[in-house]
Amino acid sequence: METALKLYEKIANTLRENIQTGLFVEGDKLPSIRQLVTEFEVSISTVQQSYHQLEMEGLIEARPKSGYFVAHKMESPSLPFTSRPAQRPIEVSQWQDVLEVLLAKEDKKKVQLQHAMPNMKVPSLSPLLKKMSWLMRQQAELSLPYCDIKGTLALREQIVELATYSGCVLHPDDLVITSGCQEALSVCLRAVTEPSDIVAVESPSFYGSMQAIKAANLKAIEIPTNSENGLSLEALELALEQWPIKAILVTPTVNNPMGYSMSVADKKRLYQLAQSYDISIIEDDIYGDISYQSPRPKTIKSFDEDGRVLLCSSFSKSVAPGIRVGWIAPGRYRDKVTHIKYVSSSMCPTLPQLAIADFIQSGGYARHTRKVRLLYKQGRDHLIQCIKQHFPADTRISFPQGGYILWVELDKRYDTVKVYAQSKTSNVSIAPGTLFSATGKFRHCMRLNFSEKTASEREQGIIELASLIKQQDND
């Protein structure tokens, strides 16, 4: 007898084939759930699972109170050019600029496009909030003592289960819980380097990672990157031959800020390069669970044979940043990472860990990420269309494969630092591209968020932003 898994795959395969052969074309309504239940003699949940699978593949879309339809294919925009960073190790700067963005007061009336913040108003977070409330009322005493230095066992066991979807086979003792991914990255950098060492990073790269490099008194060598394939492995190998690089810090799955996901082959080749030069990889996988791809992309850690990959992640981007629950799978560096974590911030608060563990175990996390992935993908497509309509015609836009941020590259005649300064007195805010480089490159680029505001609010923000940009044509 066929299992439920095989049944839902069989239905999904049939519908997929019908779409690919043209039996159903873009915009066509698909059979109702009740029709498929009758046709295949299966349960409602099995048909729903089939439709969820096709939604994740981007083949179909659900319309409230109308059913499922064949999705319209989103044409990839003109992508940003491959970056051309300095070909030498450099000290990271930009801290004052980063601090200014971090300290900027939140204005609810503004269209906030500058922060990489998840949508925290979605109903799928209700079970987590209820669990946190229950813990505070019924087991508040658990928040008073220290927990295990590695984090609560309940959470580590659930993370081990999640890690299997990215191809990793871990044990709860392999993990160290941290106060978010920022602490995880900082701890890992200190575990594998000494002051003045060189770390290879993507260009552009997340400004939090860059500032962690600065805080550890390290130097960064930026490696050319493009928004389709990711880190240039050829350029990385040249840099490894020329410089005594000690570690590679990379976000290969749903990269921040460019949104790409490196192919499995390139991830494996990156790992092999690290083996050849006997260096470590610090893998930031914070957006991996909200990739649009199905199945979820593998991590570099999944290829790790000798413990040289330190996998970092958290629930800050998939759930909420205020939870402050992150983790490290540090491989061969477990003891050193545990010690640095202890002297850095000791143990993490217990109650958020227990709440997240329950959220995962109860299936709430899977339901939440499934819903927000679809929401974010719709937001991506809408924001790209708005930018195409209102920005200068020569604008280039990334096409992220997950998450909720876009990298926008304007012609070099435009200056996003000036746009950022002007936006302080407008109704829209951005993150200028200079934050994402060790030396303030990408002055003609910006990163935009599409997670929180409604479609109409985002469009109004883009219209106002376009006006600020076009003012520079008259300067």
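It should be noted that the structure appears before, not after, this text.
Along each chain, the written sequence defines residue order, and numbers are assigned to residues from 1. Only residues with pLDDT of 70 or above have their local features reported here, since the model is predicted, and side-chain atom pairs are shown and tallied only from 80 upward, although totals for entire chains, interfaces and linings are computed over all residues. Side-chain calculation: all heavy atoms of the structure are included, whereas hydrogens and water are not.

Engineer: Would you mind going over the sheet that holds strand 14 (residues 405-409) with me for this structure?
Structural biologist: Working definition: the strands of a sheet are paired by backbone hydrogen bonds and lie parallel or antiparallel to each other. Should DSSP find at least two bridges between two strands, the strands are taken to pair. For the purposes of this entry, the term helix denotes a DSSP run of H or I that reaches at least four residues, the term strand denotes a run of E that reaches at least two, and both are numbered from the N terminus. One open sheet accounts for four strands, arranged 13-14-17-16; its pairing is antiparallel. Here the strands that pair on one side only, and so sit at the sheet edges, are strand 13 (396-397) and strand 16 (431-432). By the bridge criterion, five bridges tie strand 14 to strand 17 (residues 445-449) in an arrangement that is antiparallel. If you follow Ile 405 over to strand 17, its bridge partner there is Asn 449.

Engineer: What exactly am I supposed to notice about the packing of helix 6 (residues 153-163) against helix 12 (residues 350-361) here?
Structural biologist: To describe two helices that pack against each other, one gives the angle between their axes and the distance between the axes. Structural elements are reduced to axes, namely lines fitted to C-alpha atoms, with helices fitted over the stretch in contact, and the angle between N-to-C directions of any two is expressed from 0 to 180 degrees. Between helix 6 and helix 12, whose axes approach to 8 Å, the crossing angle comes to 40°. One finds that helix 6 runs oblique with respect to helix 12. Regarding helix 6 and helix 12, the two cross each other, and that crossing is left-handed. Only Gln 353, Leu 354, Ile 356, Ala 357, Ile 360 and Gln 361 of helix 12 make contact with helix 6, whose side of the interface consists of Ala 154, Leu 155, Gln 158 and Leu 162. Geometric relationships in this document are graded by angle, where less than 35 degrees denotes roughly parallel, more than 145 denotes roughly antiparallel, 65 to 115 denotes roughly perpendicular, and other angles denote oblique. Working rule for handedness: look at the near helix, and if it is turned counterclockwise from the far one by less than a right angle, call the crossing left-handed; if clockwise, right-handed. Throughout, a contact is declared for two residues whenever any of their heavy atoms are within 4.5 Å.

Engineer: How should I be thinking about the nonpolar core in this particular structure?
Structural biologist: Within soluble globular proteins, side chains that are nonpolar tend to cluster in buried spots. The set of buried Ala, Val, Leu, Ile, Met, Phe, Trp, Tyr and Cys residues whose side-chain atoms join them within 4.5 Å is what this entry labels a nonpolar core. Burial classes: relative accessible area under 20% of the type maximum marks a residue as buried, over 50% as exposed, and values in between as partly exposed (1.4 Å probe, protein chains only). If you look at the biggest cluster of nonpolar residues, it comprises 130 residues, and the most contacted ones within it are Leu 236, Leu 270, Phe 315, Phe 391 and Leu 448. Ranked by residue count, the leading element in this core is helix 7 (residues 180-192), at eight residues. Setting aside chain neighbours within four positions, we find Leu 236 in contact with Ala 200, Ile 223, Leu 231, Ile 248, Leu 270 and Leu 273. Core analysis: the next-biggest nonpolar cluster, separate from the first, contains 15 residues, Ile 11, Ile 19, Val 47 and Tyr 51 among them.

Engineer: Whenever I open this one, the packing of helix 2 (residues 33-40) against helix 3 (residues 44-56) confuses me. Can you help?
Structural biologist: Following both chains from N to C, one finds helix 2 and helix 3 inclined at 115°, their axes separated by 9 Å at the closest point. Between helix 2 and helix 3, the angle is such that the two are roughly perpendicular. Crossing of helix 2 over helix 3 shows right-handed handedness. Note on element contacts: helix 3 touches helix 2 through Ile 44, Val 47, Gln 48 and Tyr 51, opposite Ile 33, Leu 36 and Val 37.

Engineer: Could you clarify how one ought to interpret the side chain of Lys 301 in this entry?
Structural biologist: On the secondary structure map, Lys 301 appears in the loop between strand 10 (280-284) and strand 11 (309-314). A relative accessible area of 9% means that Lys 301 is categorised as buried. Setting aside residues no more than four positions away along its own chain, Lys 301 makes contact with Cys 168, Leu 170, Glu 283, Val 309, Leu 311, Ala 329, Pro 330 and Gly 331.

Engineer: Before we go on, may I ask you to explain the pairing of strand 10 in this structure?
Structural biologist: In regular strands, side chains alternate between the two faces of the sheet. Judged by how many residues are buried, strand 10 sits mostly within the fold: five of five residues are covered. Here four bridges tie strand 9 (residues 245-250) to strand 10, and the two strands are oriented parallel to one another. When the sheet's bridge partners are listed, Val 250 is paired in strand 10 with Glu 283. Each parallel crossover has a hand, and the one from strand 9 via helix 10 (residues 264-276) to strand 10 is right-handed. Pairing between strand 10 and strand 11: four bridges, direction parallel. Handedness of a crossover is defined as follows: orient the strands so they point away from the viewer, and if the path from the first strand over the helix to the second runs clockwise, the crossover is right-handed.

Engineer: Please explain unusual backbone geometry as it appears in this structure.
Structural biologist: For the peptide bond that leads from Ser 203 to Pro 204, omega is 5°, which places it in the cis range. Within the fold, Pro 204 resides in the loop between strand 6 (198-203) and helix 8 (207-215). A cis amide bond links Asn 256 to the next residue, Pro 257, at an omega of 20°. Of note in this structure, Gln 94 is not a glycine but carries a positive phi near 75°. Looking at the secondary structure, you find Gln 94 in the loop between strand 3 (90-91) and helix 4 (95-103). With a relative accessible area of 13%, Gln 94 lands in the buried category.

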